[in-house]
Amino acid sequence: MSKEVKKTKKQLGLTSQIFIGLIGGALVGLLFNYLIPQGYVRDTVFIDGIFYVVGQGFIRLMQMLVVPLVFCSLVCGSMAIGDTKQLGKVGIRTIGFYLVTTALAITVALTVANFIDPGIGLNMNAIQAADNVTISTKTPITQTLLNIIPTNIFYGLTNGKMLQVIFFALFIGIILTRLDDKATTVSNFFNEFNDVMMEMTMLVMKAAPFGVFCLIARTFASTGFSAFLPMLKYMLAVLLALFVQCFFVYTGLLKASTGLSPVVFLKKFFPVMAFAFSTATSNATIPLSIETLKKKLGVSKKISSFTIPLGATINMDGTSIMQGVAVVFAAQAYGIQLSMADYITVIGTATIASIGTAGVPSVGLITLTMVFNSVGLPIEAIALIMGIDRILDMTRTAVNITGDAVCTTVIANLNGGVDKEIFYKKDIKDIS
Ligand code: ASP
């Protein structure tokens, strides 16, 4: 009995510890920024030393897991769904849902941005553009589509080309299903390796409170509030659009298509959002998201092990919201008039950019060049938003993964894969 109580206490610990890391990191970061004078100890020992090494070390551990985890999870997911027809059905529905929510997200962003006018009356001189802006060149859409097919899967795996990894993993899953008991050794290998990766992830997660603390502390210590001031309206517009997407669009979609309570959903899913917020990495949240959906919301792993890694790679609603607002911001700041056709182009390209955005920090800014190019906006404008992007990156990542989880719940519900008893159960143990 006492052992059990002890265990529950321990399990409750991790999420709370991550929260403490988050809040503590923010407070310590602000303290460093405002109260501790610049110098060797503050800047070299703490900000670029301890905070940087522990924070990045944690991100690297998470990144280390991503390729094998996504690969195994998708092979097992597509095997679990079983026949190719059903997989195709789930796949098409999922991708359809992802595309619709992304297009909705950009529409919300364009509306909110036109309402707030983030770039109007902007004093360009007051804005500090980030140094060393490195912006990649544009990749044509045809090439982006062709790049999904790997010419060498080992190149795709070693270079983290996630769409190629997904493509190949699904293919393997389908073949294994077709071969059935002729390939049990290989199927068992993937199932067991998937368990190994899940276990490894849960172990790495134990370092999360420290990683989160250092990541947040460094962000706040190096970016005080003053950098945000000239960009306040832009930030406000992005945050408002993210809020609308999360608390109106998603909740509406969830309620309308499943009848499930959005309040229960958000409450139970909140720790995953907080984790995504701290790391700004959709990929890193894949295991926690799958586990939370299963254990706290009763969503079948059969569906989530397929839809969550896919969503973390191709469905970035939060990112496209930032891109939509950034378009209006840049157009206003540079006095460029956008037509209705331009807005439609932005909805199309930002949806595609969302597919091409990897679930790691700051990539949304790189794919933003593609959106700017599509309507002829100056790429230099990205430099303006770069300096304050970290906080927005954190927030949009939380929205990115919530979109994936909502879609997963909807698709699972359509396939009878949501256990309502677990969904509404109150005293569920925390994920450890
Ligand atoms: N950090 C985001 C994510 O991982 C991607 C981005 O918008 O830069 O979901």
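Just so it is clear, the structure is predicted and the values come from calculations on it, not from any experiment.

Draft legend 1. Spotlight on the pattern of salt bridges. In total, this model carries 5 salt bridges according to the counting rule given. Across the pair Asp 48 and Arg 218 runs a salt bridge whose closest N-O atoms are separated by 2.8 Å. Of this pair, Asp 48 sits in helix H2 (residues 40–81) while Arg 218 sits in helix H8 (residues 208–222); the two residues are 170 residues apart in sequence, bridging distant segments of the chain. Taking the relative accessible area as the measure of exposure, Arg 218 reaches 27% and is therefore partly exposed. Measuring nitrogen to oxygen at the nearest pair gives 3.0 Å for the salt bridge that ties Asp 389 to Arg 396.

Draft legend 2. Representation of the site of the ligand. Of all residues adjacent to the ligand, which total 17 residues, the nearest are Ser 282, Thr 319, Gly 364, Asp 393 and Arg 396. The contact in question runs from an oxygen atom of the ligand to an N or O atom on the backbone of Val 363, over 3.0 Å. The backbone of Gly 364 places a nitrogen or oxygen atom 2.7 Å from an oxygen atom of the ligand. Across the complex, the protein chains shield 100% of the 270 Å² of accessible surface that the ligand would expose by itself.

Draft legend 3. The environment of Leu 377, seen in detail. Its location among the elements puts Leu 377 in the loop between helix H15 (363–374) and helix H16 (381–386). Distance from Leu 377 to Leu 338, taken between C-alpha atoms, is 9.6 Å for residues 39 residues apart in sequence. The residues touching Leu 377, leaving out its near neighbours within four places in the chain, are Val 327, Ala 330, Ala 331, Ile 336 and Phe 372.

Thresholds applied
Residues numbered from 1 in each chain as written. Predicted model: local features only at pLDDT ≥ 70, side-chain atom pairs only at ≥ 80, totals over all residues. Heavy atoms only, no water. Salt bridge = Lys/Arg side-chain N within 4 Å of Asp/Glu carboxyl O. Helix = DSSP H or I, 4+ residues; strand = E, 2+ residues; numbered from the N terminus. Buried < 20%, exposed > 50% of the residue type's maximum accessible area, 1.4 Å probe, protein only. Near = heavy atom within 4 Å. Polar contact = N/O pair within 3.5 Å; in protein donor to acceptor, adjacent residues only side chain to side chain. Areas by Shrake-Rupley, 256 points an atom, 1.4 Å probe, with all protein chains shown as cover. Contact = heavy atoms within 4.5 Å.

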